[in-house]
Amino acid sequence: MKLARALLLFNGLFFAFYGAMCLIDPNTAANMVGLSLGYTSGPVEVMAMYGGLQLAVGLYLTLKAKNATSALQGLEVLAVLMGGLGIARLIGLTMYSPDSYNLTVGGYEICACLLAIYARKILLNKQ
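Quick notes on the rules
- Residues numbered from 1 in each chain as written.
- Predicted model: local features only at pLDDT ≥ 70, side-chain atom pairs only at ≥ 80, totals over all residues.
- Heavy atoms only, no water.
- Helix = DSSP H or I, 4+ residues; strand = E, 2+ residues; numbered from the N terminus.
- Buried < 20%, exposed > 50% of the residue type's maximum accessible area, 1.4 Å probe, protein only.
- Contact = heavy atoms within 4.5 Å.
- Areas by Shrake-Rupley, 256 points an atom, 1.4 Å probe, with all protein chains shown as cover.
- Lys, Arg positive; Asp, Glu negative; His and termini not counted.
- Charge placed at Lys NZ, Arg CZ, Asp CG, Glu CD.
- Expected span 1.5 Å × (residues − 1).
- Axes fitted to C-alpha atoms, helices over the stretch in contact; angles between N-to-C directions.
- Parallel < 35°, antiparallel > 145°, perpendicular 65-115°, else oblique.
- Left-handed = near helix turned anticlockwise from the far one by under 90°.
- Patch = residues over 30% accessible without salt bridge, like charges linked within 9 Å, V, L, I, M, F, W, Y side chains within 5 Å.
- Salt bridge = Lys/Arg side-chain N within 4 Å of Asp/Glu carboxyl O.
- Core = buried A, V, L, I, M, F, W, Y, C linked by side-chain atoms within 4.5 Å.
- Disulfide = S-S within 2.5 Å.

**Student:** Describe the overall build of the protein chain, listing the residues and the values that go with them.
**Tutor:** Within the protein chain one finds 5 helices and 0 strands. Going from the N terminus to the C terminus, the protein chain shows its helices and strands as α-α-α-α-α. Along the three orthogonal principal directions, the C-alpha set of the protein chain runs to about 50 × 30 × 15 Å. Sorting the 127 residues of the protein chain into buried and exposed places 34% on the buried side. In the protein chain, the proportion of contacts linking residues at least 24 apart, taken out of those at least 6 apart, comes to 71%. Counting only carbon and sulfur atoms, one obtains 71% of the accessible surface of the protein chain, whose full area is about 7700 Å². Separation of charge centres in the protein chain, based on 8 positive and 5 negative side chains, amounts to 21 Å.

What follows is the structure, given as structure tokens:
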């Protein structure tokens, strides 16, 4: 349960922090990854998708760290989300030039996915 709780809390707090940052100041978040926001729809999109969605995911993962039953659900969501992000990023890296940001983040996403699957397996074996 320690690994499951640590994964859920670490990733949950990170998602929540990044989401709050994007919601409060979409330009700072966009500049970190090289996005140009342009007109009204750009900042609003970053606030919604990078801000609101990631903040909600972060809160969800953090709440799922409370016990083994809810941790299983949280780990499933974490594995699917991080796996999806990692696979999409790898596809993007094959289409465009790899850079240190995307290689680092993509590596983390794949590792987090695999760790969530592993932690889920440990919890299931203890039941």
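**Student:** Which residues make up helix α3 (residues 41-63), and what are the values?
**Tutor:** Between its first and last C-alpha atoms α3 spans 31 Å; for 23 residues at 1.5 Å apiece the expected length is 33 Å, and the two agree. For α3, the secondary structure elements touched by its buried residues are α1 (2-24), α2 (26-33) and α4 (68-95).

**Student:** Got a sec to walk through the packing of α1 against α4? Specific residues and values, please.
**Tutor:** Relative to each other, α1 and α4 sit at 55 degrees, their axes nearing to 10 Å. Looking at the two axes, α1 sits oblique to α4. For the crossing formed where α1 meets α4, the hand is left-handed. Taking contact as the criterion, the partners of Ala-4, Leu-7, Leu-8, Asn-11 and Phe-15 in α1 are, on α4, Ala-71, Gly-74, Leu-75, Leu-78, Met-82 and Leu-85.

**Student:** An account of the side chain of Asn-102 is needed here, citing residue identities and associated values.
**Tutor:** Along the chain, Asn-102 turns up in helix α5 (residues 100-126). What Asn-102 contacts, discounting residues up to four positions off in sequence, is Arg-89 and Leu-93.

**Student:** If you had to explain a nonpolar patch on the surface to someone new, which residues and values would you point to?
**Tutor:** Residues Met-32, Val-33, Leu-35, Met-49, Tyr-50, Leu-53 and Tyr-101 make up a contiguous nonpolar surface patch of about 600 Å² in total accessible area. Those elements giving two or more residues to the nonpolar patch turn out to be α2 and α3. Considering the arrangement of structural elements, one finds Met-32 in helix α2. According to the relative accessible area criterion, Met-32 is partly exposed, its value standing at 48%.

**Student:** Now, about the nonpolar core: what can you tell me, with residues and values included?
**Tutor:** In terms of nonpolar packing, the biggest core is built from 18 residues, with Ala-4, Leu-8, Leu-61, Leu-75, Leu-78, Met-82 and Leu-123 touching the most fellow members. The element contributing the most residues to this core is α4, with 6 residues. Those residues in contact with Ala-4, other than ones at most four positions away along the chain, are Ala-71, Leu-75, Ala-119 and Leu-123. Counting residues in hydrophobic clusters, the runner-up holds 7 residues, among them Cys-22, Ala-29, Ala-30 and Val-46.

**Student:** Can you tell me about the state of the cysteines, naming the residues and giving the values?
**Tutor:** With the rule as written, the count across this model stands at 0 disulfides. Distance from the sulfur of Cys-111, which forms no disulfide, to the nearest cysteine sulfur (Cys-113) is 9.7 Å. We classify Cys-111 as partly exposed; its relative accessible area is 45%. Here Cys-113 falls in the buried class, since its relative accessible area comes to 11%.

Just geometry here; none of it tells us what the structure is for.
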